[in-house]
Amino acid sequence: MKEILKIIEEQMTALSIEYYYLYNNAPTVVYPYVTGEFTQNGYSYEDNSNSGDMLLECWNRGSQINLINLHQKIKEHFRDLQVSKDNVVAHISYNSAYPVRTDDADLFKMEIHLDITYWEGEKQ
């Protein structure tokens, strides 16, 4: 699972997206930013794959347009991405996105879901 988290972090960095795992713990918050969490769903004995859902929570203050642009960038990048890293091969694909209401009228949030299927090689 740690390899999947590394892959997501590297991909978000490549997209120039301010990304944090679980919490934005930066001393100063810069908008827009994305937090992520990975949920592992299951294991297939037939092809030895693992699967999971990556929840990306996108945040912005003042305007929703930055979230719409961020969503488009993520959707295009993760349309059908295949990555290999540290004995793991992953297929990451965009699943869905939707806006989420907050209690602060100036704070905008969008949730994006990515489907992830990955195969782990033998540890050497």
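Heads up: the structure comes first, above all this text.
Reading the values: rules and limits
- Residues numbered from 1 in each chain as written.
- Predicted model: local features only at pLDDT ≥ 70, side-chain atom pairs only at ≥ 80, totals over all residues.
- Heavy atoms only, no water.
- Helix = DSSP H or I, 4+ residues; strand = E, 2+ residues; numbered from the N terminus.
- Buried < 20%, exposed > 50% of the residue type's maximum accessible area, 1.4 Å probe, protein only.
- Patch = residues over 30% accessible without salt bridge, like charges linked within 9 Å, V, L, I, M, F, W, Y side chains within 5 Å.
- Areas by Shrake-Rupley, 256 points an atom, 1.4 Å probe, with all protein chains shown as cover.
- Salt bridge = Lys/Arg side-chain N within 4 Å of Asp/Glu carboxyl O.
- Pairing = 2+ DSSP bridges.
- Axes fitted to C-alpha atoms, helices over the stretch in contact; angles between N-to-C directions.
- Phe/Tyr/Trp six-rings, centres within 6.5 Å; stacked < 30°, edge-to-face > 60°.

Caption draft 1: Region of interest: the environment of T35. Assignment of secondary structure puts T35 in strand β2 (residues 33–44). Classification of T35 by relative accessible area gives buried; the value is 5%. Along the chain, T35 and V89 lie 54 residues apart, while their C-alpha atoms are 23 Å from each other.

Caption draft 2: Quick peek at a nonpolar patch on the surface. The grouping of M1, Y21, L22 and Y23 at the surface amounts to a nonpolar patch, some 420 Å² of accessible area in total. Structurally, the position occupied by L22 is in the loop between β1 (19–21) and β2.

Caption draft 3: Quick peek at the pairing of strand β3 (residues 49–61). Counting buried residues in β3 gives 11 out of 13 residues, a clear majority hidden from the surface. Note that β2 and β3 share 11 bridges and pair antiparallel. When the bridges of β3 are listed, G36 appears paired with L56. Hairpin remark: β2 followed by β3, antiparallel, with 4 residues in the connecting loop; positive phi at N48, about 60°. Direction of pairing for β3 relative to strand β6 (residues 107–120): antiparallel, over a ladder of 13 bridges. Paired with R61 across the two strands is L107, which belongs to β6.

Caption draft 4: Up close: the sheet that holds strand β4 (residues 81–85). Spatially, 6 strands are ordered β1-β2-β3-β6-β5-β4 in an open sheet, and the strand pairing comes out mixed. Each edge of the open sheet carries a strand with a single partner, namely β1 and β4. Across the sheet, the axes of successive neighbouring strands diverge by a mean angle of 30°, strand direction being ignored. Direction of pairing for β4 relative to strand β5 (residues 88–100): antiparallel, over a ladder of 5 bridges. The partner of Q82 across the bridge, within β5, is H91.

Caption draft 5: The pairing of β2, seen in detail. Both β1 and β2 contribute to a ladder of 3 bridges, which runs parallel. Following the sheet pairing, Y21 is matched in β2 by G36.

Caption draft 6: Molecular detail of the packing of aromatic side chains. Inspection of the entire model under this criterion finds 4 aromatic pairs. Measuring from centroid to centroid gives 6.5 Å for Y33 and W59, while their planes differ by 20°, and the two rings are stacked. With a gap of 26 residues between them, Y33 in strand β2 and W59 in strand β3 connect regions that are remote in the sequence. Each member of the pair, Y33 as well as W59, carries the same accessibility label: buried. Put simply, the rings of Y20, Y31, Y33 and W59 pair up and form one aromatic cluster.

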